[in-house]
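# Structural features, examined
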Amino acid sequence: MSHSEAQRELAAVTEELKSWLMTEALPIWWAFGVDHVNGGFHEVLGLRCEITPAPRRVRVTARQIFTFALAGRLGWTGPWERTVEEGLDYFLEKCVLPNGAVRMVTNADGSPKDDTFSLYDQAFALFALAAAASVVKDRSAVEAAAVKLRTLLMTEYKNPIAGFEESNPRTLPLKANPHMHMFEACLAWEEVGGDATWSRLADEIAELCLAKIIDPKEGWLKEFFNADWSVVSGKEGHICEPGHQFEWAWLLTRWGTSRKRPDAVAAARRLCELGETHGINVPQQVAIMGILDDLSIHDGTARMWSQTERMKGNLALAAVAADEAGRDDHLRKVVTAARSLQRYFEVDTPGLWRDRMNADGSFVIEPAPASTFYHIICAIDEVGKYISTH
């Protein structure tokens, strides 16, 4: 596939994904996935749009606010603005605690269910608030909520070396994944004109990743750490998730490009290379969930989100590739990942999706999780941005 062919393929699959998003996914998730009675968003939809009232994780509320805000920026003509504003009202009223942190779970009617602090959920709260700030008429309340939460994290949950604790008092292991989403949130605030503290925090997390989270010898990205950011012992210390290799590669390339840090882009390239070489179920052409750093398979199922992150990591690296051959190689992988992603959309109700593929290519039959929408729309946005600038 030559460059023009790779670019043409990418343009074609992007058109298909955008059409699916605008005509199938957004209308159905607005009609059935928004809770038009209690506010907020349903956690899952049955594959014929059945709604089962169930507790909902605050991270899903946050992700759906992001999804509909981005839908508006991408030109969806449905009621995205109202959905963002009502979702935000629900979020600020039902999900935020008096100290500025967000709870973990609300009941279906919006009442509190679990107020446990989760660093992962705080990261998604900050991310959703950045997305909302980019579209709401008055962003002052949104920005105030984000700064209040950030201040709480930096005063009550700071790790003395870098990054954040999982809880206060401390519980171990420390985890890479919430930091990845915190990094994503800080970059999002930087893009929407947040204050300089967001950029400083993004820098701190990027440096933490380059110094501690990525194994300096092999280039693998590790997931679980001791209090001093050394990798934990035992099996947990050997787990690597291909989807996270790609996702960090996307973020580090963005950060490395904006900060003129070729070392970050080189680390991202290595993350992607390892993910592509060892993290793909070759017969099915999908990124799998988990491997160990000795290259044995830890979890051979393929979650849908790993495919969107494979797209994003390769797209970011295509944009900074030094030569046409390197760019084409990344673009071909984006096309492969996008075609794999489309397999997850093959369900009875167009606009819904599968979440987990087994190693043999069959899918686990289960309701469609709302949490995945954020991954899908973000990947579609990224390919659209790439095509419009190249």
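Not measured: the values here are computed from a predicted model.

## A few points about the sheet that holds strand S2 (residues 56–57)
Ordered in space as S2-S3-S4, the three strands form an open sheet in which the pairing is antiparallel. On the outer flanks of this sheet lie S2 and strand S4 (112–114), each paired with one strand and no other. Pairing analysis gives two bridges linking S2 to strand S3 (residues 105–106), with the strands arranged antiparallel. Counterpart to Arg-56 in the pairing with S3 is Thr-106.

## Side note on the pattern of salt bridges
Tallying each qualifying case throughout the model produces 29 salt bridges. Across the salt bridge formed by Glu-81 and Lys-137, the nearest N and O atoms sit 3.5 Å from each other. Highlighted residues: Glu-81 in helix H3 (residues 80–95) and Lys-137 in the loop between helix H4 (119–133) and helix H5 (140–156), separated in sequence by 56 residues. With its nearest N and O atoms 2.9 Å apart, the salt bridge here joins Arg-303 to Asp-355. Separated by 52 residues along the polypeptide, Arg-303 in strand S12 (residues 302–303) and Asp-355 in the loop between helix H11 (324–344) and strand S13 (356–357) bring together distant segments of the chain.

## A word on the nonpolar core
Phe-183, Trp-189 and Trp-248 are the most contacted members of the largest nonpolar core, which totals 128 residues. Per-element tally for this core: the top contributor is H4, with 13 residues. Those residues within four positions of Phe-183 in sequence are excluded, and the remaining contacts are Ala-202, Ile-205, Ala-206, Trp-248, Leu-251, Leu-252 and Trp-255. By size, the runner-up hydrophobic cluster in this structure holds five residues, among which are Trp-220, Cys-240, Ile-288 and Ile-291.

Thresholds applied
Residues numbered from 1 in each chain as written. Predicted model: local features only at pLDDT ≥ 70, side-chain atom pairs only at ≥ 80, totals over all residues. Heavy atoms only, no water. Pairing = 2+ DSSP bridges. Helix = DSSP H or I, 4+ residues; strand = E, 2+ residues; numbered from the N terminus. Salt bridge = Lys/Arg side-chain N within 4 Å of Asp/Glu carboxyl O. Core = buried A, V, L, I, M, F, W, Y, C linked by side-chain atoms within 4.5 Å. Buried < 20%, exposed > 50% of the residue type's maximum accessible area, 1.4 Å probe, protein only. Contact = heavy atoms within 4.5 Å.

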